[in-house]
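Below are the chains, spelled out letter by letter.
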Amino acid sequence: MAHDIPVPRALLRNAGLLVAFSLAAVAIGRFGDVGTTQMPPAHAVQVLDLAVEDRPDGRVDLRDAGNGRLVAEVQPGEDGFLRATLRVMAQARLREGSSRNPPFRLTRWDNGTLTLDDVASGRRINLEAFGLDNAVAFARLLEQGRGAS
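These numbers were taken from a predicted model, which means no experiment stands behind them.

A few words on helix H2 (residues 80-96). Here H2 is 17 residues long and its end C-alpha atoms lie 24 Å apart, about the 24 Å a rise of 1.5 Å per residue gives. Turning to H2, its buried residues number three or more, namely Phe81, Leu82, Arg83, Thr85, Leu86, Met89, Ala92 and Arg93. Looking one or two places after H2, you find Gly97, whose phi comes out positive at around 80°.

Our next topic: the pattern of salt bridges. A complete count under the given rule lists 12 salt bridges for this structure. Its salt-bridge partner being Asp61, residue Arg63 comes within 3.9 Å of it at the nearest N-O pair. The salt bridge involving Arg124 is made with Asp117; its shortest N-O contact spans 2.7 Å. Connected via shared salt-bridge partners are Glu53, Arg55, Asp61 and Arg63.

Along strand S5 (residues 114-118), five of the five residues are buried, which leaves the element largely enclosed by surrounding structure. The pairing of strand S4 (residues 104-109) with S5 spans five bridges and is antiparallel. What sits directly across from Arg108, in S5, is Leu114. Once S4 ends, the chain turns through four residues before running back antiparallel as S5, passing Gly112 with a positive phi of about 90°. Across three bridges, the pairing between S5 and strand S6 (residues 124-126) is antiparallel. Pairing of Asp117 across the sheet is with Arg124, part of S6.

Turning next to the sheet that holds S6. Across the sheet, which stays open at both edges, the six strands sit in the order S3-S2-S1-S4-S5-S6 with antiparallel pairing between neighbours. Two strands close off the open sheet at either side, each with one partner strand: strand S3 (70-74) and S6. Looking at each pair of strands side by side, their axes are set apart by 25° on average, direction ignored. In this sheet, S3 lies alongside strand S2 (residues 60-64) in antiparallel orientation, the contact comprising four bridges. Bridge assignment links Arg63 to a residue of S3, and that residue is Leu70. Docked against the sheet, H2 engages strand S1 (44-54), S2, S3, S4, S5 and S6, running at close to 30° with respect to S5.

Bringing helix H1 (residues 9-32) into the picture now. Relative to the 34 Å expected for 24 residues at 1.5 Å per residue, H1 spans 34 Å between its end C-alpha atoms, a close match to the ideal helical length. At the C-terminal side of H1, Asp33 shows a positive phi close to 55°.

The next point concerns unusual backbone geometry. Its identity is not glycine, yet Asp79 carries a phi of approximately 45°, on the positive side. Secondary-structure assignment places Asp79 in the loop between S3 and H2.

Looking now at a nonpolar patch on the surface. On the surface, a nonpolar cluster with roughly 290 Å² of combined accessible area is contributed by Val7, Leu11 and Leu12. Within the secondary structure layout, Val7 lies in the segment before H1. Residue Val7 is classed as partly exposed on the basis of its relative accessible area, which comes to 45%.

Let us now look at the pairing of S4. Sheet analysis places S1 next to S4, joined by six bridges and oriented antiparallel. If you follow Asp49 over to S4, its bridge partner there is Arg105.

Next up on the list: the side chain of Asp61. If you trace the backbone, Asp61 turns up in strand S2. Other than its neighbours up to four places away in sequence, Asp61 contacts Ala51, Val52, Glu53, Arg55, Leu70, Ala72 and Glu73.

Thresholds, definitions, all that
- Residues numbered from 1 in each chain as written.
- Predicted model: local features only at pLDDT ≥ 70, side-chain atom pairs only at ≥ 80, totals over all residues.
- Heavy atoms only, no water.
- Helix = DSSP H or I, 4+ residues; strand = E, 2+ residues; numbered from the N terminus.
- Expected span 1.5 Å × (residues − 1).
- Buried < 20%, exposed > 50% of the residue type's maximum accessible area, 1.4 Å probe, protein only.
- Salt bridge = Lys/Arg side-chain N within 4 Å of Asp/Glu carboxyl O.
- Pairing = 2+ DSSP bridges.
- Axes fitted to C-alpha atoms, helices over the stretch in contact; angles between N-to-C directions.
- Contact = heavy atoms within 4.5 Å.
- Patch = residues over 30% accessible without salt bridge, like charges linked within 9 Å, V, L, I, M, F, W, Y side chains within 5 Å.
- Areas by Shrake-Rupley, 256 points an atom, 1.4 Å probe, with all protein chains shown as cover.

Shown next, in the form of structure tokens:
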């Protein structure tokens, strides 16, 4: 048994107008930068290009790619986030068939953020996205890199 429920035409027309208005408002905001927030462009204040070397005993040597000096030596079982992040980026390079040789670029920006870039693939990781403690592990490398210069 079918029931016909009458829907007033004015209600359907008004619902359609509401949908059209919503789509127009989103399009204007999106393409006209109306109501959007823009962050000022950040400038690099410290950059360290890191060459990563896996050692046979499980250590990972991190060297300043510019001069070859040892910045840090990560022992097995230490600095899990640092190790995992570098490993994920290195494995992504291998999957893409990129060279292992280009360094990873660690950058401190003037807005206080830290990023790790794979110069071979163009990938960037904002390190604060994983928590302050994890970002500090990389910030420490920047400080150690200053001494290695």
